[in-house]
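# Secondary and tertiary structure notes
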Amino acid sequence: MSTRPIEAARPDEVTTVTFDSTMEERIADVLRRYPSARAALLPVLWLCQERYGWISPGLMNAVAERLGESPAFVEGVVSFYTMYYTEPPARYVLQVCTTLSCAACGGRPLVEHLKGRLGIGFGGKTADGLFQLVGVQCLGACGGAPVVQINDDYYENLDAGRLDTVLDELKGRG
Amino acid sequence: MEAVLLRARGVADSRAITTYLAAGGYEGWKKALSMTPEAVTQVVIDSELRGRGGAGFPTGRKWSFVPKDHPGPRYLICNADESEPGTFKDREIIEYDPHQVVEGVAIASYAIKAATAYIYIRGEFVRWANILEEAIAEARARGFLGRNILGSGADLDIWVHRGAGAYICGEETALIESIEGKRGFPRLKPPFPAVVGVFGKPTVVNNVETLACVPHIMTRGAAWFASIGRPRNTGPKLFCVSGHVNRPGVYELPLGVTFREIIYEHCGGIRGGRKLKAFFPGGTSAPIMTGGEVDVQADFDACAQAGTMLGSGGIIVLDETADMVDVADNVAHFYAHESCGQCTPCREGSDWCMDILDRMLAGHARPGDPDTLLRICRFSSAGMTICPLGDAYALPISSIVNKFRPEFEARIVAAAPLAQKKLPVLPWAGPRPGFGV
């Protein structure tokens, strides 16, 4: 599996945002799927996160403007869901499942191993900006416990050794 | 039994529409298009198919609640939010046989006269959202979707809508709010979605597995489907087994099989030859069962009779090494994190349960704790909240306290002497040795 790294825009690059023609085309394609512009909010936020790596306040303003919503409404939605990054993420975000099946099947020593190896706790980011560790609730892959999601990809049936191999490979690619 | 929903698992190139067509795919859709929507609904009613998402509501009846004379658009939503802890079946269906879902969505949309359908898939499932997009594009290219489908006059567009990380959006009215671009706050019912759903229009929300059954019912008939399982609990069911078993995974078995057969025959028994201590029969929202209750049949009615529920069919198995205070704590962390916060009993109650259980795990259990937990749970269940999340944490936690009370009492005996004093219950500020976040 070759997990794609996140290329997060610098905060100063997304202070004020004007969507280019590619983004406008994508937004138009989303809008025609729904009878209301508001319904396009989640998909448009996804488009933004794919393009810029995270959802800055400037992006929330731009999305609000484009869909005819208030920035406060957009922020209210962004903050409700856990998957929109409101700060620039590391290149690889490790989302470790902490729910029952993973906890029962070796998830805990795995988390201890990760914390030790990376020198960070849940919510932390390594100094080189490469890895970020997040504890998450059930990822819906309990048969492959313990499970870690790295960016868009699922890694299942992990142990410290297998996870180290994955991290070494990602570190090598940078 | 023969594989029905999982017949494509292990087949080469199983996702391709050519493979699906070679196996008789889209014949159910063609047959449906030659019938009236009412007749299609009747076939599903006759099959006695019940919703696979958790509630077990009869699918055909749900479809029939859409007002016949409603002039405006109607919507069909496929719920692929799959977030109930212990559940990983919809992903399996999409991974191996996405066209089964597309065809099921098409037939259900026709039955309720919807020209637009959305598949709401949890945000983490990027791979499976892409698989569905590809399948929809293939079906459209073959004329199974779009305008005037196969000359029938019926139109249908299917759009994949990704969630963004919120368990509550698996609840159908929260899901509807989320599609509308809002925070996933469940709605008060009534009105039910069949009357006032997404965009204020009649809407039916069905689970992936439910819809995947529909093409088979259309091609092979209601009587065939009803012959699998037992009366009122018909058809094949996907059981997701995880935890302390030798062979975790997704198993397709007729409803009515016993949990013993699932755990000991199909999953190869408990890891390390240890003893079965407890299991969640249908996700962690279902009241827990003890090892002594393993002979209960895994179906909607038998589980209800045993005081629990089949839920989504997510079976989490725990062996004798499991610490039940720890298990309750893990469950509490999940629901405290996922409560949407609208209703006080759920928002506050799940947090307080988590706090008390964290404190018990940290060695500061107090004599009144088990009863406090039970009292909090009582105030959060049976209709005290807008949606079932109140019950979803209260039922498992209270069932764990009730069925494994000696473990909670042992924590109290072992606790630091200071904790034995009568102290006010305060938010726990000490260490949280549990695993939750």
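Residues numbered from 1 in each chain as written. Chains lettered and ligands numbered in written order. Predicted model: local features only at pLDDT ≥ 70, side-chain atom pairs only at ≥ 80, totals over all residues.

### Comments concerning the overall build of chain B
Assigned secondary structure in chain B consists of 17 helices and 11 strands. Taking 437 residues into account, the globule formula puts the C-alpha radius of gyration at 22 Å, and chain B, at 23 Å, falls close to it. For chain B, the spread of C-alpha atoms along the three principal axes comes to 80 × 45 × 35 Å. The buried share among the 437 residues of chain B stands at 56%. Contacts in chain B between residues at least 24 apart in sequence constitute 73% of all its contacts with a sequence separation of at least 6. (Helix = DSSP H or I, 4+ residues; strand = E, 2+ residues; numbered from the N terminus. Rg over C-alpha atoms; globule rule 2.2 N^0.38 Å. Buried ≥ 20, exposed ≤ 12 C-beta atoms within 10 Å, placed from the backbone. Contact = placed C-beta atoms within 7 Å.)

### Section: the packing of helix H2 (residues 41-52) of chain A against helix H3 (residues 57-67) of chain A
Residues and elements named next belong to chain A. One way to put it is that H2 packs onto H3 with a least axis distance of 11 Å and a crossing angle of 140°. By the angle between their axes, H2 is oblique relative to H3. Between H2 and H3 lies a crossing whose hand is right-handed. Here Leu41, Val44, Leu45, Cys48 and Tyr52 of H2 come into contact with H3, specifically with Leu59, Val63 and Leu67. Of the residues belonging to the contact of H2 with H3, the class tally is eight nonpolar, no polar and no charged. (Axes fitted to C-alpha atoms, helices over the stretch in contact; angles between N-to-C directions. Parallel < 35°, antiparallel > 145°, perpendicular 65-115°, else oblique. Left-handed = near helix turned anticlockwise from the far one by under 90°. Nonpolar A, V, L, I, M, F, W, Y, C, P; charged D, E, K, R; others polar.)

### Structural notes on the interface of chain A and chain B
The interface of chain A with chain B comprises 38 residues on the first partner and 46 residues on the second. Elements with a minimum of two residues in the side of chain A that touches chain B: H2, helix H4 (71-80) and helix H5 (100-118) of chain A. Considering each element in turn, the side of chain A that touches chain B owes the most residues, seven residues, to H5(A).

### Describing the environment of Tyr251(B)
All names here are of chain B. For tyrosine 251, the location among the structural elements is in strand S8 (residues 249-254). Accessibility expressed as a C-beta count within 10 Å gives 22 for tyrosine 251, which makes it buried. Remark: the alpha-carbon pair of tyrosine 251 and threonine 308, spanning 57 residues in sequence, is separated by 21 Å. Setting aside residues no more than four positions away along its own chain, tyrosine 251 makes contact with Phe239, Val241, Ile262 and His266.

### Regarding the domain arrangement of chain B
All names here are of chain B. According to the domain assignment, chain B contains domain 1 (17-227), domain 2 (237-319) and domain 3 (324-420). The interface of domain 1 with domain 2 comprises 13 residues on the first partner and 18 residues on the second. Grouping the constituent residues of the side of domain 1 that touches domain 2 by class yields two nonpolar, five polar and six charged. (Domains from an automatic or database assignment.)

### Observations regarding the domain arrangement of chain A
Entries for chain A in the domain assignment read domain 1 (11-80) and domain 2 (92-173). Distance between the C-alpha centres of domain 1 of chain A and domain 2 of chain A: 29 Å.

### Focus: helix H8 (residues 172-179) of chain B
By the criterion of burial, H8(B) is predominantly enclosed, with eight of the eight residues buried. Those residues of H8(B) that sit buried are Glu172(B), Thr173(B), Ala174(B), Leu175(B), Ile176(B), Glu177(B), Ser178(B) and Ile179(B). Looking at the packing, one finds that the buried side of H8(B) touches H2 of chain A together with strand S1 (75-80), strand S2 (116-121), strand S3 (157-162) and strand S4 (203-207) of chain B. Positive backbone phi, at 95°, marks Gly181(B), one or two positions downstream of H8(B).

### Considering the pairing of S2(B)
All names here are of chain B. Counting buried residues along S2, six of its six residues qualify, which places the element largely inside the surrounding structure. Along S2, one buried face is formed by Thr116, Tyr118 and Tyr120 and the opposite face, lined by Ala117, Ile119 and Ile121, is buried too. The parallel pair S2 and S3 is bridged by helix H7 (residues 126-141), and the resulting crossover is right-handed. (Right-handed = clockwise from strand over helix to strand, strands pointing away.)

### Some remarks on the sheet that holds strand S4 (residues 153-155) of chain A
Residues and elements named next belong to chain A. Spatial strand order, S2-S1-S3-S4: four strands in an open sheet with mixed pairing. Of all strands in the sheet, those bounded by a partner on one side alone are strand S2 (131-136) and S4. Strand-to-strand, the axes of this sheet are offset by a mean angle of 25°, without reference to chain direction. Where strand S1 (residues 92-97) and strand S3 (residues 148-150) come together, three bridges link them in antiparallel fashion. Considered in S3, the bridge of leucine 94 is made with isoleucine 150. Taken strand by strand, H5 contacts S1 and S2, and its axis lies near 145° from that of S1. (Pairing = 2+ DSSP bridges.)

### With respect to the packing of helix H3 (residues 37-47) of chain B against helix H6 (residues 98-111) of chain B
Two measures define how a pair of helices packs: the angle their axes make with one another and the distance between the axes. Residue and element names in this part refer to chain B. Packing of H3 against H6 brings their axes to within 8 Å, and their N-to-C directions diverge by 120°. The orientation of H3 relative to H6 falls into the category oblique. Contacts from Pro37, Val40 and Thr41 in H3 reach Ile107, Tyr110 and Ala111 in H6.

### Looking at the pairing of strand S11 (residues 314-319) of chain B
Residue and element names in this part refer to chain B. With respect to burial, S11 is a largely interior element, six of its six residues being buried. What you see with S11 is no split at all: Gly314, Ile316 and Leu318 on one side and Ile315, Val317 and Asp319 on the other are buried throughout. Of the strand pairs in this sheet, strand S7 (residues 236-243) and S11 are connected by four bridges, and their pairing is parallel. Bridge pairing in S11 places valine 241 opposite isoleucine 315. Both strand S9 (residues 276-280) and S11 contribute to a ladder of four bridges, which runs antiparallel. Following the sheet pairing, alanine 278 is matched in S11 by leucine 318.

### A word on the nonpolar core
Val105(B), Leu132(B) and Ile397(B) are the most contacted members of the largest nonpolar core, which totals 184 residues. What Leu132(B) contacts, discounting residues up to four positions off in sequence, is Ile94(B), Pro98(B), Val101(B), Ile119(B), Ile121(B) and Val160(B). (Core = buried A, V, L, I, M, F, W, Y, C linked by C-beta atoms within 7 Å.)

### Quick notes on the sheet that holds S9(B)
Strand pairing in a sheet takes place through backbone hydrogen bonds and is either antiparallel or parallel in direction. Strand order in the open sheet formed by five strands is S8-S7-S11-S9-S10 (chain B), and the pairing between neighbours is mixed. Pairing within the sheet leaves two strands with one partner each, and these edge strands are S8 and strand S10 (289-290) of chain B.

### Describing helix H6 (residues 160-173) of chain A
Helix length check: H6(A) (14 residues) gives 20 Å between terminal C-alpha atoms against 20 Å at 1.5 Å per residue, within 8%. Of the residues flanking the end of H6(A), it is Gly174(A), one or two places downstream, whose phi is positive at about 75°. (Expected span 1.5 Å × (residues − 1).)

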